[in-house]
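Remarks on the overall topology
For reference, the chains in residue letters:
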Amino acid sequence: MNQALGAGASDVPFRQSNTILEVRGLKVQRGGRTVLEVEHLAVEQGEVLAVIGPNGAGKSTLLLALARLLRPSLGQIFFHNRPLEALSDLAYRRRIGLVLQEPLLLSGSAFTNVAAGLRFRRLPRAEARRRAEQWLARLGIRHLRDRPARLLSGGEAQRVSLARAFALQPELLLLDEPFGALDPPTRNRLQIDFQTLRAATGVTTVFVTHDLDEALLLGDRVAILLEGRLRQAGSPQQVFNAPADGGVAAFVGVETVVAGRVAANMEGRLLVEITPGGQQLEAVGELEVGRQVLFCLRPEDVTLWPQGKAHPSSARNRLAGRIVRLAPQGLLVRVEVDSGFPLTALVTRASAEEMGLAEGMLVAAAFKASAAHLIPRA
Amino acid sequence: MHLILEGIRQAVLLLLRGDREVWQITLLSLQVSGAATGISLLLGLPLGTWLAFGRFPGRAFLLSLVNTGMALPPVVVGLWVAIVLWRSGPLGDLGLIYTPAAIVIAQTVIAAPVVTGLTVAALQALDPRLQHQLLGLGASRLQMVLALWREARLPLLAALMAGFGSVISEVGASMMVGGNIRGQTRVLTTAIVLETGKGNFAPAIALGLLLLALAYLVNLALTWFQQRGTRR
């Protein structure tokens, strides 16, 4: 069992009545190979859960399983605390909404597309029309009502696809990389509009993305899926500041991950001896002495200055090192430092120039004890 | 050259005079091939859909049979339908040999694989994720299939045209199971064969022009319908 999966509110018994969807021991196998494994995942009523992972991690497979478009090899899914099998495929699917990365519009106008799911449900014509027009308007595409779907741009088409799902007034909205195929300005506008409409309807949402920024923007909670396994689910703070394992740490951008051993515990202040170089660094936590750990550090938490110069930093941890590589990234510069072990820092371009940072230069690095995150190793 | 020009002149006269027998042959051709195409659609559309989306053992084998069937030689079909319907054959008691119904049966055997095979191709050309999207929108299986047919309606119409084209121009099977009986089972193609054999080029040319015109008109109507569909 992955203990980190228990993080968050999902495992608190008295809140169980608010759990709309729960996955237990799910396994999807293809050709004898396990392509998806989820020990436990709960989706609370009204929340937005962002499932993040790189391409090929099994995100779409998970979404298809949640939409009941794919039979898991093992495990169970509960909908409102009842096994999914208690409902027919059709009855369940008529309570959810599904938006995929490609809009997959049907021939006909934007309006007929938005009304499609309502027609499948045999809603009275006038009601279907009212709802379809309402959602065309709410997504800002009322003027495209009679435009043939195949003449819509990518962003417009995805708005139609979202309107088509929202119009169903689903209990659960499932989205597979809904903004993934759009160019950045279009994506940003649609993300904001989606966020507004999602909040206004309060519809429980599970969406899949490979984009960390998008997950942080839209998700109340995030779940990390790596190599077909759900590794961790929790608030963004939990997952980003306390990744459950090295894989999650690397994925969420904790760039310095180095092996070490707890050398001393001074009432919650830990002294960690780094295995490669033997340096002793301070961290915060409750781990017994002798415990093997992964010492994790986010690059934005590391400050640098040229060696020999005084620095007013109050940070407990100070290291000397040599700059191995400078990699500009927009307004920031990623600095790789060899300090006995590889250490990565992010500094602004302006301060990099001010300090005259260059490859081969000797620098001092500092970071707070509280910035370090320790992952205990078995 | 004189032979050709004279033939065409007489053919035009024949058509303009509105010869009753010519029109009766044309009408029968249209009815027989139309019926065979219609039945092929009723068989081929569901079968093609099943083959396109179904996952079952033997599917690849069935598909190979259908694809082979698309190239069935009409004379071979004529031979086997004739044997089955022959007075002493398995279905001889039905008394269908040398009737228009026999031609419809033979032409259905020819057109059904064409319609089926092209239906499979039309549906497999659709984005496979469309099925997920439709089911995700709450479509029942039937609603999904109807929506997919609608999405593929243009290539499906092409399948129908190809089916009709394969039988309206076919001669071997119609001759063998219909017998080319004047006033009863004589269709355009068998009549052309007969008149040409007798050296009566003028009526042969006239019937040939009618056959071309018929094929053209039917396809024109279907094309118009198809193109109207692209604008929606």
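Along every chain, residues carry numbers that run from 1 in the direction the sequence is written. Chain letters start at A and ligand numbers start at 1, both assigned in the order the entries are written. Since the coordinates come from a predicted model, pLDDT governs what is reported: local features require at least 70, and pairs of side-chain atoms require 80 or more to be given and counted, while whole-chain, interface and lining totals use all residues.

Quick look at the overall build of chain B now. Strands here are runs of E lasting at least two residues and helices are runs of H or I lasting at least four, both read from the DSSP assignment and numbered beginning at the N terminus. Tallying secondary structure elements over chain B gives 11 helices and zero strands in all. Along chain B, from the amino end to the carboxyl end, the secondary structure elements read α-α-α-α-α-α-α-α-α-α-α. Principal-axis analysis of the C-alpha atoms places the extent of chain B at approximately 65 × 50 × 25 Å. Think of it as a crowd count around each C-beta: if 20 or more other C-beta atoms lie within 10 Å the residue is buried, if 12 or fewer it is exposed, and in between it is partly exposed, with C-beta placed from the backbone throughout. Sorting the 232 residues of chain B into buried and exposed places 39% on the buried side. Within chain B, contacts between residues at least 6 apart in sequence are counted, and of these 75% link residues at least 24 apart. Whether two residues are in contact depends on their C-beta atoms, placed from the backbone: they are in contact if these lie within 7 Å.

This paragraph deals with the pairing of strand 11 (residues 256–266) of chain A. For a regular strand, the rule is simple: side chains alternate between the two faces of the sheet. Residues and elements named next belong to chain A. Two strands pair when backbone bridges link them, and strand 11 and strand 14 (residues 292–297) are joined in this way by six bridges, in the antiparallel orientation. Looking at the pairing, alanine 259 lines up with leucine 294 of strand 14. The sheet contact formed by strand 11 and strand 12 (residues 269–274) spans six bridges and is antiparallel. Across the sheet, arginine 261 pairs through a bridge with glutamate 273, a residue of strand 12. In this scheme, strands are said to pair when DSSP sees at least two bridges between them. Hairpin connection between strand 11 and strand 12: a loop of two residues separates the two successive antiparallel strands, and glutamate 267 in this loop has a positive phi of roughly 50 degrees.

Glancing now at the nonpolar core. Membership of the largest hydrophobic core comes to 166 residues, with the highest contact counts inside it found for Val114, Ala163, Leu174 and Phe295 of chain A together with Val81, Ala106 and Val177 of chain B. It is helix 5 (residues 100–124) of chain B that provides the largest number of residues to this core, a total of 15 residues. With residues near it in sequence (within four places) discarded, phenylalanine 295 of chain A still touches Val258, Gly260, Val272, Ile274, Leu281, Ala283, Ala372 and Leu374 of chain A. Defined on buried residues, the nonpolar core groups Ala, Val, Leu, Ile, Met, Phe, Trp, Tyr and Cys residues joined through C-beta atoms within 7 Å.

Attention shifts here to the interface of chain A and chain B. Chain A puts 20 residues into the contact, and the matching count from chain B is 16 residues. Elements that contribute at least two residues to the side of chain A that touches chain B include exactly helix 2 (89–93) and helix 3 (110–120) of chain A. Sort the elements by how many residues they give to the side of chain A that touches chain B and helix 3 of chain A lands first, with three residues. When residues are sorted by character, Ala, Val, Leu, Ile, Met, Phe, Trp, Tyr, Cys and Pro go into the nonpolar class, Asp, Glu, Lys and Arg into the charged class, and all the rest, Gly among them, into the polar class. Split by residue class, the side of chain A that touches chain B holds 12 nonpolar, three polar and five charged.

With that settled, consider the pairing of strand 6 (residues 96–99) of chain A. Residues and elements named next belong to chain A. Of the two faces of strand 6, the one carrying Ile96 and Leu98 and the one carrying Gly97 and Val99 are both buried. Examined bridge by bridge, strand 6 and strand 7 (residues 172–176) share four bridges and lie parallel to one another. Its bridge partner lying in strand 7, valine 99 is registered against leucine 175.

On to the domain arrangement of chain A. Residue and element names in this part refer to chain A. In terms of domain boundaries, chain A breaks down into domain 1 (3–95 + 170–249), domain 2 (109–166) and domain 3 (254–376). Domain start and stop points were drawn from an automatic or database domain assignment. Of note, the centres of domain 1 and domain 2, computed from C-alpha atoms alone, are 26 Å apart. Taken residue by residue, the interface counts 12 residues in domain 1 and 11 residues in domain 2. With six residues, helix 6 (residues 184–201) is the single largest residue contributor to the side of domain 1 that touches domain 2.

Here we come to helix 6 of chain A. Residues and elements named next belong to chain A. By this rule the span expected of a helix is its residue count minus one, scaled by 1.5 Å. Spanning 18 residues, helix 6 covers 25 Å between terminal C-alpha atoms, matching the ideal 26 Å at 1.5 Å per step. Regarding helix 6, the residues found buried are Leu190, Phe194 and Arg198. The buried residues of helix 6 occupy an angular sector of 70 degrees when the element is viewed end-on, so they sit on one face. Set apart from the buried face of helix 6 by more than 90 degrees, the exposed residues are Pro185, Ile192, Thr196, Ala199 and Ala200. Looking at the packing, one finds that the buried side of helix 6 touches strand 3 (48–52), helix 5 (154–166) and strand 8 (204–209). Arc definition: it is the arc formed by the directions from the helix axis to the C-beta atoms.

This part covers the sheet that holds strand 13 (residues 280–284) of chain A. Working definition: the strands of a sheet are paired by backbone hydrogen bonds and lie parallel or antiparallel to each other. Residue and element names in this part refer to chain A. The sheet built from five strands is open, its strands ordered 13-12-11-14-20 with antiparallel pairing. In this open sheet, the two strands that pair with only one neighbour each are strand 13 and strand 20 (373–376). On average, each strand axis in the sheet is inclined to that of its neighbour by 45 degrees, with strand direction left out of account. For helices, the axis comes from a line fit to the C-alpha atoms of the stretch in contact; other axes are also lines fit to C-alpha atoms, and the angle between any two N-to-C directions lies between 0 and 180 degrees.

Quick look at the sheet that holds strand 15 (residues 303–306) of chain A now. Residues and elements named next belong to chain A. Pairing is antiparallel in the open sheet, where five strands are placed in the order 15-19-16-17-18. Looking at which strands have only one partner, the edges of the open sheet turn out to be strand 15 and strand 18 (342–348). Each neighbouring strand pair of the sheet contributes to a mean axis angle of 45 degrees, computed without reference to strand direction. In the sheet, strand 16 (residues 317–329) pairs with strand 19 (residues 362–367) via six bridges, with the strands oriented antiparallel. Across the sheet, the residue bridging to leucine 319 is alanine 365, located in strand 19.

Okay, the confidence of the model for chain B next. Scored from 0 to 100, pLDDT records how confident the predictor is in each individual residue. Per-residue confidence for chain B gives a mean pLDDT of 91; residues scoring 70 or more make up 98%. Taken over the whole predicted complex, pTM reads 0.80, whereas the ipTM for its chain interfaces reads 0.81.

Next up on the list: helix 1 (residues 2–17) of chain B. With 16 residues, helix 1 of chain B should reach 22 Å at 1.5 Å per residue; the first-to-last C-alpha distance of 22 Å fits that figure. With its phi angle positive at about 65 degrees, glycine 18 of chain B sits one or two positions after the end of helix 1 of chain B.

Residues and elements named next belong to chain A. Within the secondary structure layout, lysine 368 lies in the loop between strand 19 and strand 20. Residue lysine 368 is classed as partly exposed on the basis of its 17 C-beta neighbours within 10 Å. Among all residues touching lysine 368, those that are not within four sequence positions of it are Ala315 and Arg316.

For the rest of this paragraph, the subject is unusual backbone geometry. Phi at glutamine 169 of chain A is positive, roughly 50 degrees, even though this residue is not glycine. Along the chain, glutamine 169 of chain A turns up in the loop between helix 5 and strand 7. One non-glycine residue, asparagine 180 of chain B, lies in the positive phi region at around 55 degrees. Here asparagine 180 of chain B lies in the loop between helix 9 (172–178) and helix 10 (188–197).

Glancing now at the packing of helix 5 of chain A against helix 6 of chain A. Residues and elements named next belong to chain A. In contact at an axis separation of 11 Å, helix 5 and helix 6 are set at 10 degrees when each is read in the N-to-C sense. The angle between helix 5 and helix 6 places the two elements in the roughly parallel class. Contact residues: Gly155, Gln158, Arg159, Leu162 and Phe166 in helix 5; Thr186, Leu190, Phe194, Leu197 and Thr201 in helix 6. Split by residue class, the contact of helix 5 with helix 6 holds five nonpolar, four polar and one charged. In these notes the angle categories are as follows: under 35 degrees is roughly parallel, over 145 is roughly antiparallel, 65 to 115 is roughly perpendicular, and the rest is oblique.

By secondary structure assignment, the location of arginine 94 of chain A is in the loop between helix 2 and strand 6. Take arginine 94 of chain A: there are 20 C-beta atoms within 10 Å of it, and that puts it in the buried class. Those residues in contact with arginine 94 of chain A that lie beyond four places of it in its chain are Arg121 of chain A together with Gly138 of chain B.

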